[in-house]
Amino acid sequence: MVLGGILLTIYPPSKKRLLMITVIIAIEGVLLSLLPLTPWIWAAVALQFFIGMGVAGNNVPMMSLIQQSADRDKLGRVMSLNNMVSMGLSPVSYAMVTALLAAHISITWIMPIFGLTMALVMLVLTIQLKVIRTAN
């Protein structure tokens, strides 16, 4: 994540940021789906490295885009809502994974299914919503 933040500082995105964010999230989904399938620790570390870069690569530009797009008088509420949703959904995902593990579904199935679902959702949104492809 640190390297991703440094790269964003050196090479800040200026065009098609929303498209870049959706593509990065889709790539993160694919990488997440590959993680439980790798038999080598060095490959797992490399996947985690790129996932971490992706987290910085989508979080920082998304926060900038939200701050740039939101009305100034509503910015605090928009940012609070964004933080509440991101933090509020984490326990839901933990509960879902725990329930699936308790149902004897292997993590080698859970991660690829949810990772590829995340990638597919991002690709569908990118194709269907013109604003994602055109917004700067």
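Residues numbered from 1 in each chain as written. Predicted model: local features only at pLDDT ≥ 70, side-chain atom pairs only at ≥ 80, totals over all residues. Heavy atoms only, no water.

A.B. asks: Can you walk me through the overall build of the protein chain in this structure?
C.D. replies: Scanning the protein chain from terminus to terminus reveals 6 helices and 0 strands. Each principal axis of the C-alpha atoms in the protein chain carries an extent, and together these give about 50 × 30 × 30 Å. In the protein chain, which comprises 136 residues, the share counted as buried stands at 28%. Pairs at least 24 apart in sequence give 69% of the contacts found in the protein chain among residues at least 6 apart. As displayed, the protein chain has an accessible area near 9,100 Å², and 75% of this comes from carbon and sulfur atoms. (Helix = DSSP H or I, 4+ residues; strand = E, 2+ residues; numbered from the N terminus. Buried < 20%, exposed > 50% of the residue type's maximum accessible area, 1.4 Å probe, protein only. Contact = heavy atoms within 4.5 Å. Areas by Shrake-Rupley, 256 points an atom, 1.4 Å probe, with all protein chains shown as cover.)

A.B. asks: Hey, could you run me through a nonpolar patch on the surface in this one?
C.D. replies: On the surface, a nonpolar cluster with roughly 960 Å² of combined accessible area is contributed by Leu81, Met84, Val85, Leu89, Val92, Met96, Ile105, Trp109, Ile113 and Phe114. Elements with a contribution of two residues or more to the nonpolar patch: helix 4 (75–102) and helix 5 (107–128). For the nonpolar patch, the element with the most residues is helix 4, which contributes 6 residues. Here Leu89 shows up in helix 4. (Patch = residues over 30% accessible without salt bridge, like charges linked within 9 Å, V, L, I, M, F, W, Y side chains within 5 Å. Salt bridge = Lys/Arg side-chain N within 4 Å of Asp/Glu carboxyl O.)

A.B. asks: Would you take a moment to explain the environment of Ile127 for this structure?
C.D. replies: In this structure, Ile127 sits in helix 5. Judged by its relative accessible area of 64%, Ile127 falls in the exposed class. C-alpha separation for the pair Ile127 and Gly5, spaced 122 residues apart in sequence, amounts to 28 Å.

A.B. asks: Would you explain the nonpolar core in this entry?
C.D. replies: The nonpolar side chains of a soluble globular protein tend to be buried, and buried together. Formed by Leu18, Ile21, Ile25, Ala26, Leu65, Ala119, Met122 and Ile132, the largest nonpolar core amounts to 8 residues. Going through the elements one at a time, helix 2 (17–34) and helix 5 are the ones with two or more residues in this core. If one sorts the elements of this core by residue count, helix 2 sits on top with 4 residues. Apart from the residues within four sequence positions on either side, Leu18 is in contact with Met62, Leu65, Val131 and Ile132. (Core = buried A, V, L, I, M, F, W, Y, C linked by side-chain atoms within 4.5 Å.)

A.B. asks: Mind showing me how you'd approach helix 4 here?
C.D. replies: Because the α-helix completes a turn every 3.6 residues, residues three or four places apart line up on one side. End to end, helix 4 covers 41 Å across 28 residues, agreeing with the expected 40 Å (1.5 Å per residue, within 8%). Following helix 4 by one or two positions, His104 adopts a phi angle in the positive range, close to 65°. (Expected span 1.5 Å × (residues − 1).)

A.B. asks: Is there a simple way to think about the side chain of Arg17 in this case?
C.D. replies: Here Arg17 lies in helix 2. Of the side chains with opposite charge, Asp71 lies nearest to the buried Arg17, which makes no salt bridge, at 14 Å. Contacts of Arg17, omitting those with residues within four sequence positions, involve Ser64, Leu65, Gln68, Ala135 and Asn136. (Lys, Arg positive; Asp, Glu negative; His and termini not counted.)

A.B. asks: What's the story with the pattern of salt bridges in this structure? I'm lost.
C.D. replies: Scanning all chains against the criterion turns up 2 salt bridges. Residue Lys74 is joined to Asp71 by a salt bridge in which the shortest nitrogen-to-oxygen separation is 3.9 Å. Here Asp71 falls in the partly exposed class, since its relative accessible area comes to 46%. With a shortest N-O distance of 3.9 Å, Asp73 and Lys74 are connected by a salt bridge. Among the residues examined, Asp73 registers a relative accessible area of 57% and is labelled exposed. Looking at Lys74, the relative accessible area reads 37%, which means it is partly exposed.

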